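Architecture at a glance
Residue strings, one per chain:
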2 protein chains.
Amino acid sequence: MRELTLHDLRDLARGAALLGTGGGGDPTIGRLLVEAALADGGRIELLDPDELAADTLVIPTAMMGAPTVFVEKIPSGEEGVAALRALEAHLGRRAEATMPIECGGINSMIPLVVAARTGLPVVDADGMGRAFPELQMETFGVYGIPGSPMAIADERGGSTIIDTGPDNARMEWYSRGVTIRMGGASHIAEYAMTGEQVRRTAVPRTLSLGIRLGRTIREARERHADPFDALRAELADTLYEHGRIIFEGKVVDVMRRTVDGFARGNAWVSAFDEDERLELHFQNEHLVARVAGQVRAIVPDLICVLDAETAEPITTEQLRYGQRVRVFAISTPPVMRSPEALAVFGPAAFGLEDAFQPVESLT
Amino acid sequence: MRELTLHDLRDLARGAALLGTGGGGDPTIGRLLVEAALADGGRIELLDPDELAADTLVIPTAMMGAPTVFVEKIPSGEEGVAALRALEAHLGRRAEATMPIECGGINSMIPLVVAARTGLPVVDADGMGRAFPELQMETFGVYGIPGSPMAIADERGGSTIIDTGPDNARMEWYSRGVTIRMGGASHIAEYAMTGEQVRRTAVPRTLSLGIRLGRTIREARERHADPFDALRAELADTLYEHGRIIFEGKVVDVMRRTVDGFARGNAWVSAFDEDERLELHFQNEHLVARVAGQVRAIVPDLICVLDAETAEPITTEQLRYGQRVRVFAISTPPVMRSPEALAVFGPAAFGLEDAFQPVESLT
């Protein structure tokens, strides 16, 4: 167990935006919510998965919706607690810890807000190892944990409990409908599970990884080193072993629509000195990067658009014409590349016809 | 307390279709579900509101969605019980009776299916005194009962609990979103209340009224009398005092779309011998009938399209070119014409600019 500091938070916001692979919402909003909760006297304790008792009840918390809406509809910080309390009341049991469902953007921060406001510890792990747009795309579900019952809270004290038994895709479908009618953003508590189930199904230590990666970028800048080299070196001894720049250039076009509760679209990056263009396709998160029709990186590997100089991550809703960027791809951990995992969040799950190819095998 | 017979059911199906004012779905489907439950050994006991103990827990049950979908997506008869059980589990209390939320079409029958399958009695009352398209449009809510928490069940064992506190319009908004994603039709349990609250807020004895009106039409046909005269006479000593034919003619056009979870549209009836057309506007139920722009009847009064010869009610989804019809308007009980009631389900609640005018004051 270790306590999270304000210093950690700034590094985590940067690292989580990186791991969020374009999605997960702007972590700055999340960081401000955590800081407000800390200013109110809260503390945040980070718990390693190995520190959990086998029967500890862990209830993950998160925001749901389109990141394009998160920036318009800023939460008060109480909604995540309301979702947790609604699920506790329905289960008739109290949570003993919370946890992120994804490591990315605002959803690395929401469980910290809940922790600071309730006194619960946060487990250093998550259910996506990155950000994904849909709730069935969690390693928890891939390895047999039902997401149901889940709770959804709006900002006006309203709540919804959805129970679709073992059918996590249907849970996603219904809860997205409710979230759209809550204005496109909601807070959720789902995949309630035991400490043993966390150890068996979660991607471990991704909060501390986010802090490490954010710090790596910051420290490289401070000593005027190349943050991309530093990132690559830092990743080498983690579960996210391979990091590489797959393209450099200028953002020349972005097409983005908030549709069916998601931010969907494409972005194009033109190379600085060659007549080459990279096309990015996203659904909240980047799904595939292609040059002249050839895949350079594809889901579930991470595709991160970073400022070409500072390596500051740019989320999909922040993409703008003229940004000078480097597109950095990162290999996902083996637990996210198993046949079971690829069936749930591999390319076909997003309607892509390309097969998954590990980024380290592509040049 | 009296037991409902198979004979009653056929009369009720006809009477409920009449009171459903074009909406509420085809009661024939509901009647078949009730008959199947009775054939399985069920019994149905009808309980007068005056027979309820003050603290008896009554949980109304119904179908939700567009009637155009009900005819495509026929229920098994178990879903209403599933919704009731989901709400009971959430409340931690068992229902002691069920009740219709509206008297109209299939929703006069669903509580009977639930009653036959659970052994619970059905209260002879409802929350609309007719059919309305939205859940906040219930006399229960008008007079202070929250619809929340409500349960929604799909046909695959999935359930949703929605709790928006006292905000029944928001409960409608969220539950409609879930129902659309359940395929456009669902089963619900809501407005859980005590016997005392039933007596204070429900429109009383509308199931027995439906049986009476259905029987009146049948018996008039059997003795070759005019069923419209018989209806008018039968209504005179009820809370629905005034019944009158406001138009006769042939259906010449129907425009109908299933949109946002509702069957919305217009129908036009051309007079037999004059150059006059009646325009009907509906959202599941008929809302207003106009001739040359002049209102002939308007919500919440009942506008019923009946076969011109047999007085068989025709629901909005059954309207077809060429049908020879009489449009019969019925005055609603005073409890449904109060300022509080008109604020919730008067013309303005449907976006109509006309003021409410009692049908008995219009010629």
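Every residue gets a number counted from 1 within its own chain, in the order that chain's sequence is written. For this description, chains carry letters from A and ligands carry numbers from 1, given in the order in which they are written. Side-chain atom pairs in this predicted model are given and counted only at pLDDT of 80 or more, local residue features only at pLDDT of at least 70, and totals for whole chains, interfaces and linings cover all residues.

1. Description of the relation of the copies chain B and chain A
At an RMSD of 0.0 Å, chain B and chain A line up after a rotation of 180° and a shift of 0.0 Å along the axis. The operation mapping one copy onto its partner corresponds to a two-fold rotation axis. Remark: residues whose backbone-derived C-beta atoms lie within 7 Å of one another are considered to be in contact. In this assembly the copies share their binding face: 94% of the residues contributing to the interface of chain B also contribute to that of chain A. A residue counts toward the fit only if its pLDDT is at least 70 in both copies, and the copies are then superposed by least squares on the C-alpha atoms of those residues.

2. Considering the sheet that holds strand 2 (residues 45–47) of chain B
Paired strands, as defined in this entry, are two strands with at least two bridges between them according to DSSP. Secondary structure elements follow DSSP: runs of H or I no shorter than four residues count as helices, runs of E no shorter than two count as strands, and numbering proceeds from the N terminus. Spatial strand order, 1-2-5 (chain B): 3 strands in an open sheet with mixed pairing. Whereas interior strands pair on both sides, the edge strands pair on one side only; in this sheet they are strand 1 (2–3) and strand 5 (122–123) of chain B.

3. Here's the deal with the domain arrangement of chain A
Residues and elements named next belong to chain A. Split by domain assignment, chain A resolves into domain 1 (2–204) and domain 2 (226–361). How far each domain reaches was decided by an automatic or database domain assignment. Placing a centre on the C-alpha atoms of domain 1 and another on those of domain 2 gives a separation of 24 Å. Between domain 1 and domain 2, the contact holds 31 residues from the first and 26 residues from the second. Tallying contributions element by element places helix 1 (residues 6–19) first for the side of domain 1 that touches domain 2, with 4 residues.

4. Examining the interface of chain B and chain A
Taken residue by residue, the interface counts 18 residues in chain B and 17 residues in chain A. Sorting the residues of the side of chain B that touches chain A by element identifies strand 8 (159–163) and helix 7 (168–181) of chain B as the ones contributing at least two each. For the side of chain B that touches chain A, the leading source of residues is helix 7 of chain B, giving 7 residues. When the residues that make up the side of chain B that touches chain A are grouped by side-chain class, the tally is 6 nonpolar, 8 polar and 4 charged. Gly counts as polar in this scheme, as do all residues outside two lists: the nonpolar Ala, Val, Leu, Ile, Met, Phe, Trp, Tyr, Cys and Pro, and the charged Asp, Glu, Lys and Arg.

5. A closer look at the environment of Gly346(B)
All names here are of chain B. Along the chain, the position of Gly346 falls in the segment after helix 11 (339–345). Buried residues are those with 20 or more other C-beta atoms within 10 Å of their own C-beta, exposed residues have 12 or fewer, and partly exposed residues lie in between; C-beta atoms are placed from the backbone. Looking at Gly346, the number of C-beta atoms within 10 Å reads 21, which means it is buried. Each C-alpha atom of the pair Gly346 and Asp301 lies 9.1 Å from the other, and the pair is 45 residues apart in sequence. Each residue touching Gly346, except ones within four places of it in the same chain, is listed here: Val299, Pro300 and Phe356.

6. Some points on the sheet that holds strand 18 (residues 324–330) of chain B
Residue and element names in this part refer to chain B. Pairing in this open sheet of 7 strands is antiparallel, and the strands run 16-15-14-13-12-18-17 from one edge to the other. Strand pairing shows two members of the sheet lacking a second neighbour, strand 16 (294–298) and strand 17 (302–307), which therefore form its edges. Across the sheet, the mean angle separating the axes of adjacent strands is 35° when strand polarity is ignored. With 7 bridges connecting them, strand 13 (residues 262–271) and strand 14 (residues 277–283) associate as antiparallel partners. Bridging from a neighbouring strand, Trp268 pairs with Glu279 of strand 14. Structural elements are reduced to axes, namely lines fitted to C-alpha atoms, with helices fitted over the stretch in contact, and the angle between N-to-C directions of any two is expressed from 0 to 180 degrees.

7. Focus: unusual backbone geometry
Across the junction of Ser148(A) and Pro149(A), the peptide omega takes the value -10°, indicating a cis bond. By secondary structure assignment, the location of Pro149(A) is in the loop between helix 6 (139–142) and strand 7 (150–153). Of note, Asn284(A) is a non-glycine position whose phi angle comes to about 60°, a positive value. Within the element layout of this structure, Asn284(A) appears in the loop between strand 14 (277–283) and strand 15 (285–291). Since 29 C-beta atoms lie within 10 Å of it, Asn284(A) is described here as buried. Despite not being glycine, Arg205(B) shows a phi value in the positive range, around 60°. Along the chain, Arg205(B) turns up in the loop between strand 11 (203–204) and helix 9 (206–222).

8. A closer look at helix 2 (residues 27–39) of chain B
All names here are of chain B. Relative to the 18 Å expected for 13 residues at 1.5 Å per residue, helix 2 spans 18 Å between its end C-alpha atoms, a close match to the ideal helical length. Listed as buried for helix 2 are Pro27, Gly30, Arg31, Leu33, Val34 and Ala37. What you see down the axis of helix 2 is that its buried residues fit within an arc of 160°, all on one side. Of the surrounding secondary structure, the elements contacted by the buried residues of helix 2 are helix 1 (6–19) and helix 5 (110–118). Positive phi shows up at Gly41, right after helix 2, with a value of about 105°. Given the number of residues in a helix, its expected span is that number minus one, multiplied by 1.5 Å. Note: the arc covers the axis-to-C-beta directions of the helix.

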